[in-house]
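# Summary of the model geometry
Each chain is listed here by its residues.
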Amino acid sequence: MAIFITSVIVSIAAISNDNLQDLKTGYIVGATPWKQQVALILGSIVGAIAIAPVLNLLYQAYGFTGALPRAGMDPTQALAAPQATLMTTIAQGIFSASLDWNYILFGVGVGIVAIIIDLLLTKNTKALALPPLAIGMGIYLPPTLEIPLVIGSVMGYFVNRSLKARAARRSPGHEEEDVEACNHRGVLFASGLIVGESLMGVIIALLIVISVTSGGSENPLALVGKDFQSTADILGLIAFIAMIVIFIRHIFITKFTPENGSNK
(Lines give C-alpha, C1' and ligand atoms only; values in the text may rest on other atoms or scores of the structure.)
Protein backbone atom coordinates (compact mmCIF):
# COMPACT_ATOMS: atom_id res chain seq x y z
CA MET A 1 0.00 0.00 0.00
CA ALA A 2 2.84 2.41 0.79
CA ILE A 3 4.48 1.76 -2.59
CA PHE A 4 1.12 2.11 -4.35
CA ILE A 5 0.33 5.47 -2.71
CA THR A 6 3.88 6.67 -3.38
CA SER A 7 3.51 5.68 -7.04
CA VAL A 8 0.32 7.72 -7.29
CA ILE A 9 1.97 10.79 -5.75
CA VAL A 10 5.07 10.47 -7.94
CA SER A 11 2.90 10.08 -11.05
CA ILE A 12 0.91 13.20 -10.16
CA ALA A 13 4.10 15.18 -9.59
CA ALA A 14 5.69 13.95 -12.83
CA ILE A 15 2.62 14.70 -14.95
CA SER A 16 2.21 18.12 -13.34
CA ASN A 17 5.82 19.02 -14.02
CA ASP A 18 5.56 17.83 -17.62
CA ASN A 19 2.35 19.79 -18.17
CA LEU A 20 3.89 22.95 -16.70
CA GLN A 21 6.83 22.64 -19.07
CA ASP A 22 4.45 22.17 -22.01
CA LEU A 23 2.35 25.18 -21.01
CA LYS A 24 5.48 27.32 -20.65
CA THR A 25 6.69 26.25 -24.08
CA GLY A 26 3.25 26.92 -25.53
CA TYR A 27 3.22 30.40 -24.01
CA ILE A 28 6.60 31.16 -25.59
CA VAL A 29 5.55 30.06 -29.07
CA GLY A 30 2.07 31.61 -28.81
CA ALA A 31 -0.11 28.52 -28.44
CA THR A 32 -3.80 28.73 -27.50
CA PRO A 33 -4.00 27.96 -23.73
CA TRP A 34 -7.34 26.13 -23.61
CA LYS A 35 -6.44 23.98 -26.60
CA GLN A 36 -3.18 23.07 -24.89
CA GLN A 37 -5.04 22.14 -21.72
CA VAL A 38 -7.42 19.89 -23.65
CA ALA A 39 -4.46 18.18 -25.35
CA LEU A 40 -2.69 17.70 -22.01
CA ILE A 41 -5.80 16.17 -20.42
CA LEU A 42 -6.21 13.81 -23.37
CA GLY A 43 -2.51 12.96 -23.14
CA SER A 44 -2.83 12.07 -19.46
CA ILE A 45 -5.87 9.87 -20.10
CA VAL A 46 -4.35 8.10 -23.10
CA GLY A 47 -1.07 7.67 -21.23
CA ALA A 48 -2.82 6.10 -18.24
CA ILE A 49 -4.59 3.66 -20.58
CA ALA A 50 -1.50 2.80 -22.63
CA ILE A 51 1.29 2.64 -20.02
CA ALA A 52 -0.09 -0.24 -17.94
CA PRO A 53 -0.42 -2.77 -20.81
CA VAL A 54 2.96 -1.72 -22.26
CA LEU A 55 4.69 -2.24 -18.89
CA ASN A 56 2.98 -5.61 -18.52
CA LEU A 57 4.11 -6.52 -22.03
CA LEU A 58 7.72 -5.66 -21.17
CA TYR A 59 7.41 -7.60 -17.91
CA GLN A 60 6.11 -10.71 -19.65
CA ALA A 61 8.83 -10.49 -22.32
CA TYR A 62 11.91 -9.68 -20.23
CA GLY A 63 10.96 -9.34 -16.60
CA PHE A 64 12.41 -6.74 -14.28
CA THR A 65 15.44 -7.00 -12.02
CA GLY A 66 14.37 -9.12 -9.04
CA ALA A 67 10.98 -9.98 -10.59
CA LEU A 68 10.79 -12.59 -13.37
CA PRO A 69 7.40 -13.80 -14.63
CA ARG A 70 8.52 -17.33 -15.57
CA ALA A 71 10.95 -19.88 -14.21
CA GLY A 72 14.11 -20.46 -16.19
CA MET A 73 14.34 -16.91 -17.58
CA ASP A 74 17.77 -15.37 -17.97
CA PRO A 75 18.11 -12.74 -15.20
CA THR A 76 20.82 -10.92 -17.18
CA GLN A 77 18.19 -10.01 -19.79
CA ALA A 78 15.84 -8.48 -17.23
CA LEU A 79 15.10 -4.80 -17.60
CA ALA A 80 16.69 -2.53 -15.02
CA ALA A 81 14.25 -0.54 -12.88
CA PRO A 82 16.53 1.41 -10.52
CA GLN A 83 13.86 3.82 -9.26
CA ALA A 84 11.39 1.02 -8.48
CA THR A 85 14.13 -1.08 -6.88
CA LEU A 86 15.16 1.85 -4.71
CA MET A 87 11.58 2.49 -3.57
CA THR A 88 11.00 -1.20 -2.85
CA THR A 89 14.23 -1.52 -0.86
CA ILE A 90 13.41 1.50 1.31
CA ALA A 91 9.79 0.46 1.90
CA GLN A 92 10.66 -3.12 2.75
CA GLY A 93 13.53 -1.99 4.97
CA ILE A 94 11.32 0.40 6.94
CA PHE A 95 8.45 -2.03 7.51
CA SER A 96 10.75 -4.93 8.38
CA ALA A 97 13.01 -2.74 10.54
CA SER A 98 16.03 -3.94 8.56
CA LEU A 99 16.94 -0.73 6.74
CA ASP A 100 20.58 0.25 7.18
CA TRP A 101 20.24 3.90 8.16
CA ASN A 102 23.99 4.41 7.81
CA TYR A 103 23.55 4.44 4.03
CA ILE A 104 20.71 6.97 4.33
CA LEU A 105 22.77 9.27 6.55
CA PHE A 106 25.78 8.86 4.28
CA GLY A 107 23.64 9.83 1.30
CA VAL A 108 22.33 12.89 3.14
CA GLY A 109 25.90 13.91 3.88
CA VAL A 110 26.96 13.44 0.27
CA GLY A 111 23.97 15.51 -0.87
CA ILE A 112 24.78 18.38 1.49
CA VAL A 113 28.44 18.42 0.44
CA ALA A 114 27.45 18.32 -3.25
CA ILE A 115 25.05 21.24 -2.82
CA ILE A 116 27.68 23.33 -1.03
CA ILE A 117 30.34 22.59 -3.69
CA ASP A 118 27.85 23.38 -6.47
CA LEU A 119 26.97 26.73 -4.88
CA LEU A 120 30.64 27.63 -4.48
CA LEU A 121 31.47 26.67 -8.07
CA THR A 122 28.52 28.52 -9.62
CA LYS A 123 29.23 31.59 -7.48
CA ASN A 124 32.98 31.82 -8.13
CA THR A 125 33.21 30.39 -11.67
CA LYS A 126 31.23 30.72 -14.86
CA ALA A 127 31.74 27.34 -16.50
CA LEU A 128 32.03 24.90 -13.59
CA ALA A 129 29.23 23.25 -11.61
CA LEU A 130 28.52 20.05 -9.68
CA PRO A 131 24.78 19.32 -9.98
CA PRO A 132 23.60 17.21 -7.01
CA LEU A 133 21.02 15.51 -9.24
CA ALA A 134 23.77 14.24 -11.54
CA ILE A 135 25.64 12.82 -8.54
CA GLY A 136 22.49 11.06 -7.32
CA MET A 137 21.85 9.57 -10.76
CA GLY A 138 25.44 8.37 -10.92
CA ILE A 139 25.06 6.60 -7.58
CA TYR A 140 21.94 4.54 -8.23
CA LEU A 141 21.78 4.15 -12.01
CA PRO A 142 23.41 0.99 -13.44
CA PRO A 143 26.61 1.46 -15.51
CA THR A 144 24.82 0.39 -18.71
CA LEU A 145 22.72 3.55 -18.46
CA GLU A 146 25.45 5.82 -17.14
CA ILE A 147 28.02 5.20 -19.90
CA PRO A 148 25.83 6.56 -22.74
CA LEU A 149 25.07 9.64 -20.61
CA VAL A 150 28.78 10.30 -20.09
CA ILE A 151 29.58 9.74 -23.77
CA GLY A 152 26.77 12.07 -24.80
CA SER A 153 27.88 14.76 -22.36
CA VAL A 154 31.49 14.68 -23.54
CA MET A 155 30.41 14.64 -27.17
CA GLY A 156 28.01 17.54 -26.58
CA TYR A 157 30.77 19.60 -24.96
CA PHE A 158 33.16 19.29 -27.91
CA VAL A 159 30.40 19.65 -30.51
CA ASN A 160 29.15 22.82 -28.86
CA ARG A 161 32.67 24.29 -28.80
CA SER A 162 33.13 23.49 -32.49
CA LEU A 163 29.75 25.00 -33.36
CA LYS A 164 30.62 28.24 -31.54
CA ALA A 165 33.98 28.46 -33.33
CA ARG A 166 32.36 27.86 -36.71
CA ALA A 167 29.55 30.34 -35.99
CA ALA A 168 32.10 33.04 -35.17
CA ARG A 169 33.61 32.56 -38.65
CA ARG A 170 30.54 32.22 -40.83
CA SER A 171 27.87 34.17 -38.92
CA PRO A 172 29.44 37.22 -37.23
CA GLY A 173 26.88 38.89 -35.02
CA HIS A 174 24.57 35.85 -35.18
CA GLU A 175 26.68 33.30 -33.31
CA GLU A 176 24.00 32.37 -30.78
CA GLU A 177 21.30 31.96 -33.43
CA ASP A 178 23.60 29.81 -35.56
CA VAL A 179 24.51 27.52 -32.66
CA GLU A 180 20.89 27.29 -31.55
CA ALA A 181 19.78 26.30 -35.05
CA CYS A 182 22.33 23.47 -35.12
CA ASN A 183 21.42 22.35 -31.62
CA HIS A 184 17.74 22.35 -32.55
CA ARG A 185 18.44 20.06 -35.48
CA GLY A 186 20.45 17.76 -33.21
CA VAL A 187 17.69 17.63 -30.58
CA LEU A 188 15.14 16.62 -33.21
CA PHE A 189 17.44 13.89 -34.52
CA ALA A 190 18.16 12.58 -31.01
CA SER A 191 14.46 12.64 -30.13
CA GLY A 192 13.74 10.52 -33.18
CA LEU A 193 16.36 8.00 -32.08
CA ILE A 194 14.85 7.77 -28.60
CA VAL A 195 11.29 7.33 -29.87
CA GLY A 196 12.38 4.83 -32.52
CA GLU A 197 14.32 2.77 -29.99
CA SER A 198 11.33 2.74 -27.63
CA LEU A 199 8.90 1.66 -30.35
CA MET A 200 11.22 -1.10 -31.57
CA GLY A 201 11.63 -2.33 -28.00
CA VAL A 202 7.86 -2.62 -27.58
CA ILE A 203 7.47 -4.36 -30.96
CA ILE A 204 10.20 -6.90 -30.13
CA ALA A 205 8.62 -7.51 -26.71
CA LEU A 206 5.26 -8.13 -28.40
CA LEU A 207 6.85 -10.72 -30.70
CA ILE A 208 8.46 -12.46 -27.72
CA VAL A 209 5.19 -12.61 -25.77
CA ILE A 210 3.29 -13.94 -28.79
CA SER A 211 5.95 -16.61 -29.30
CA VAL A 212 5.95 -17.67 -25.64
CA THR A 213 2.16 -17.81 -25.30
CA SER A 214 1.95 -19.97 -28.42
CA GLY A 215 4.52 -22.41 -27.02
CA GLY A 216 7.47 -21.13 -29.03
CA SER A 217 10.92 -19.87 -28.11
CA GLU A 218 11.67 -16.89 -25.88
CA ASN A 219 14.08 -15.71 -28.58
CA PRO A 220 11.95 -15.79 -31.75
CA LEU A 221 14.30 -13.41 -33.61
CA ALA A 222 17.54 -15.23 -32.70
CA LEU A 223 19.57 -16.07 -35.82
CA VAL A 224 22.82 -17.14 -34.13
CA GLY A 225 23.89 -18.92 -30.96
CA LYS A 226 25.50 -17.62 -27.77
CA ASP A 227 28.97 -18.23 -29.21
CA PHE A 228 28.34 -15.22 -31.45
CA GLN A 229 28.25 -12.89 -28.45
CA SER A 230 31.79 -11.52 -28.78
CA THR A 231 31.29 -10.80 -32.49
CA ALA A 232 27.93 -9.19 -31.72
CA ASP A 233 29.57 -6.89 -29.16
CA ILE A 234 32.10 -5.72 -31.75
CA LEU A 235 29.41 -5.16 -34.37
CA GLY A 236 27.30 -3.27 -31.84
CA LEU A 237 30.23 -1.02 -30.96
CA ILE A 238 30.87 -0.31 -34.65
CA ALA A 239 27.20 0.52 -35.19
CA PHE A 240 27.24 2.79 -32.12
CA ILE A 241 30.29 4.70 -33.38
CA ALA A 242 28.74 4.97 -36.85
CA MET A 243 25.57 6.44 -35.38
CA ILE A 244 27.60 9.01 -33.45
CA VAL A 245 29.35 10.05 -36.68
CA ILE A 246 26.02 10.32 -38.51
CA PHE A 247 24.55 12.33 -35.65
CA ILE A 248 27.44 14.82 -35.56
CA ARG A 249 27.42 15.15 -39.36
CA HIS A 250 23.67 15.80 -39.24
CA ILE A 251 24.27 18.71 -36.88
CA PHE A 252 27.13 20.28 -38.80
CA ILE A 253 25.41 20.24 -42.20
CA THR A 254 22.88 22.78 -40.90
CA LYS A 255 22.85 25.83 -43.15
CA PHE A 256 22.14 29.01 -41.22
CA THR A 257 20.81 32.10 -42.98
CA PRO A 258 21.60 35.27 -40.97
CA GLU A 259 19.07 37.33 -42.96
CA ASN A 260 16.05 35.62 -41.44
CA GLY A 261 17.62 33.49 -38.70
CA SER A 262 16.39 30.28 -40.32
CA ASN A 263 18.11 26.98 -40.86
CA LYS A 264 17.63 24.21 -43.38
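Below or above, wherever it landed, is the structure these notes cover. Quick caveat: nothing in here was measured; it's all calculated off a predicted structure.

## A word on the overall build of the protein
- The number of helices and strands found in the protein is eight helices and two strands.
- Counting from the amino terminus, the protein carries its helices and strands in the arrangement α-α-α-α-α-α-α-α-β-β.
- A compact globule built from 264 residues should have a C-alpha radius of gyration of about 18 Å, whereas the protein, at 23 Å, is more than 25% larger.
- Along the three orthogonal principal directions, the C-alpha set of the protein runs to about 65 × 50 × 45 Å.
- A separation of at least 24 residues holds for 45% of the contacts in the protein among residues at least 6 apart in sequence.
- Summed over all atoms, the accessible surface of the protein reaches about 19100 Å², with 71% contributed by carbon and sulfur.
- Charged side chains in the protein number 15 positive and 16 negative. The centres of these two groups are separated by 10 Å.

## Focus on helix α1 (residues 2–29)
- With 28 residues, α1 should cover 40 Å at 1.5 Å per step; its first-to-last C-alpha distance of 41 Å lies within 8% of that length.
- Where α1 ends, the next residue or the one after it, G30, has phi of about 85 degrees, a positive value.

## Observations regarding the packing of aromatic side chains
- Within the structure shown, the criterion is met by three aromatic pairs.
- When the centroid spacing of 5.6 Å and the interplanar angle of 45 degrees are considered together, the rings of F189 and F247 count as tilted. Here F189 is found in helix α7 (residues 175–213), whereas its partner F247 is found in helix α8 (residues 229–252), with 58 residues between them in sequence.
- F247 gets classed as buried once you look at its relative accessible area, which sits at 14%.

## With respect to the nonpolar core
- Among the nonpolar cores identified, the biggest contains eight residues, and these are M155, V159, L163, A167, V179, C182, F247 and I251.
- Only α6 (143–170), α7 and α8 provide two or more residues apiece to this core.
- Ranked by the residues each element gives to this core, the list is headed by α6, at four residues.
- Beyond its immediate stretch of four places on either side in the chain, F247 contacts M155, G186, F189 and A190.
- Ranked by size, the runner-up nonpolar core spans seven residues in total, among them L57, A61, A205 and I208.

## Focus: the packing of α1 against helix α2 (residues 33–61)
- Running from N to C, α1 and α2 point in directions that differ by 150 degrees, and their axes come no closer than 11 Å. Judged by the angle between their axes, α1 and α2 are roughly antiparallel. Between α1 and α2 the crossing geometry is right-handed. Of the residues in α2, those touching α1 at I15, N19, D22, L23, G26 and Y27 are Q36, Q37, L40 and S44.
- Looking at the contact of α1 with α2 residue by residue, the classes come out as four nonpolar, five polar and one charged.

## Remarks on the environment of I9
- Relative to the helices and strands, I9 resides in helix α1.
- Overall, I9 belongs to the exposed group, its relative accessible area being 52%.
- In this structure the C-alpha to C-alpha distance between I9 and V46, which are 37 residues apart in sequence, comes to 19 Å.

## Description of the packing of α6 against α8
- Where α6 contacts α8, the two axes come as close as 11 Å, and the packing angle between them is 30 degrees. Judged by the angle between their axes, α6 and α8 are roughly parallel. In this structure, α6 crosses over α8, and the sense of that crossing is right-handed. Contact with α6, carried on its side by I151, M155, V159, S162, L163 and R166, involves F240, I244, F247, I248, I251 and F252 of α8 and no other residues of that element.
- The residue makeup of the contact of α6 with α8, split by class, is 10 nonpolar, one polar and one charged.

## What to know about unusual backbone geometry
- In the Ramachandran plot, A97 falls in the positive-phi region, its phi being about 55 degrees despite a non-glycine side chain.
- One can find A97 in the loop between α3 (82–95) and α4 (101–124).
- Residue A97 is classed as exposed on the basis of its relative accessible area of 71%.

Analysis parameters
In this numbering scheme, every chain counts its residues from 1 along its sequence in written order. Residue-level local features of this predicted model are given only where pLDDT is at least 70; pairs of side-chain atoms are given and counted only at 80 or more, and the full residue set underlies all totals for whole chains, interfaces and linings. As a rule here, side-chain values come from all non-hydrogen atoms in the structure, and water together with hydrogens is ignored. In this text, helices come from DSSP runs of H or I with a minimum length of four residues, and strands from runs of E with a minimum of two, each type numbered from the N-terminal end. Atoms counted for the radius of gyration: C-alpha only. Globule rule: 2.2 Å times residue count to the power 0.38. The contact rule is simple, with two residues in contact once any of their heavy atoms fall within 4.5 Å. Accessible surface area values rest on a Shrake-Rupley calculation with a 1.4 Å probe, where residue burial reflects the displayed protein chains alone. Counting rule for charge: Lys and Arg are taken as positive, Asp and Glu as negative, and neither His nor the chain ends is counted. Where a charge sits is defined by one atom per residue type, namely NZ (Lys), CZ (Arg), CG (Asp) or CD (Glu). One less than the number of residues in a helix, times 1.5 Å, gives the span that helix is expected to have. Within 6.5 Å between ring centres, the rings of Phe, Tyr and Trp (the latter by its six-membered ring) count as paired, and their orientation is classed by plane angle as stacked under 30 degrees, edge-to-face over 60, tilted in between. Each residue is placed in one exposure class: buried if its accessible area under a 1.4 Å probe, protein chains only, is under 20% of its type's maximum, exposed if it is over 50%, and partly exposed if it falls in between. Residues belong to a common nonpolar core when they are buried Ala, Val, Leu, Ile, Met, Phe, Trp, Tyr or Cys residues joined through side-chain atoms within 4.5 Å. For every element, the axis is a line fit to its C-alpha atoms; helices are fit only across the contacting stretch, and the angle between N-to-C directions ranges from 0 to 180 degrees. The labels follow the angle: roughly parallel below 35 degrees, roughly antiparallel above 145, roughly perpendicular from 65 to 115, and oblique for the rest. The handedness criterion is simple: a crossing whose near helix is rotated anticlockwise from the far helix by less than a right angle is left-handed, and one whose near helix is rotated clockwise is right-handed. By the convention adopted, Pro, Cys, Tyr, Trp, Phe, Met, Ile, Leu, Val and Ala count as nonpolar, Lys, Arg, Asp and Glu as charged, and the other residues, Gly among them, as polar.

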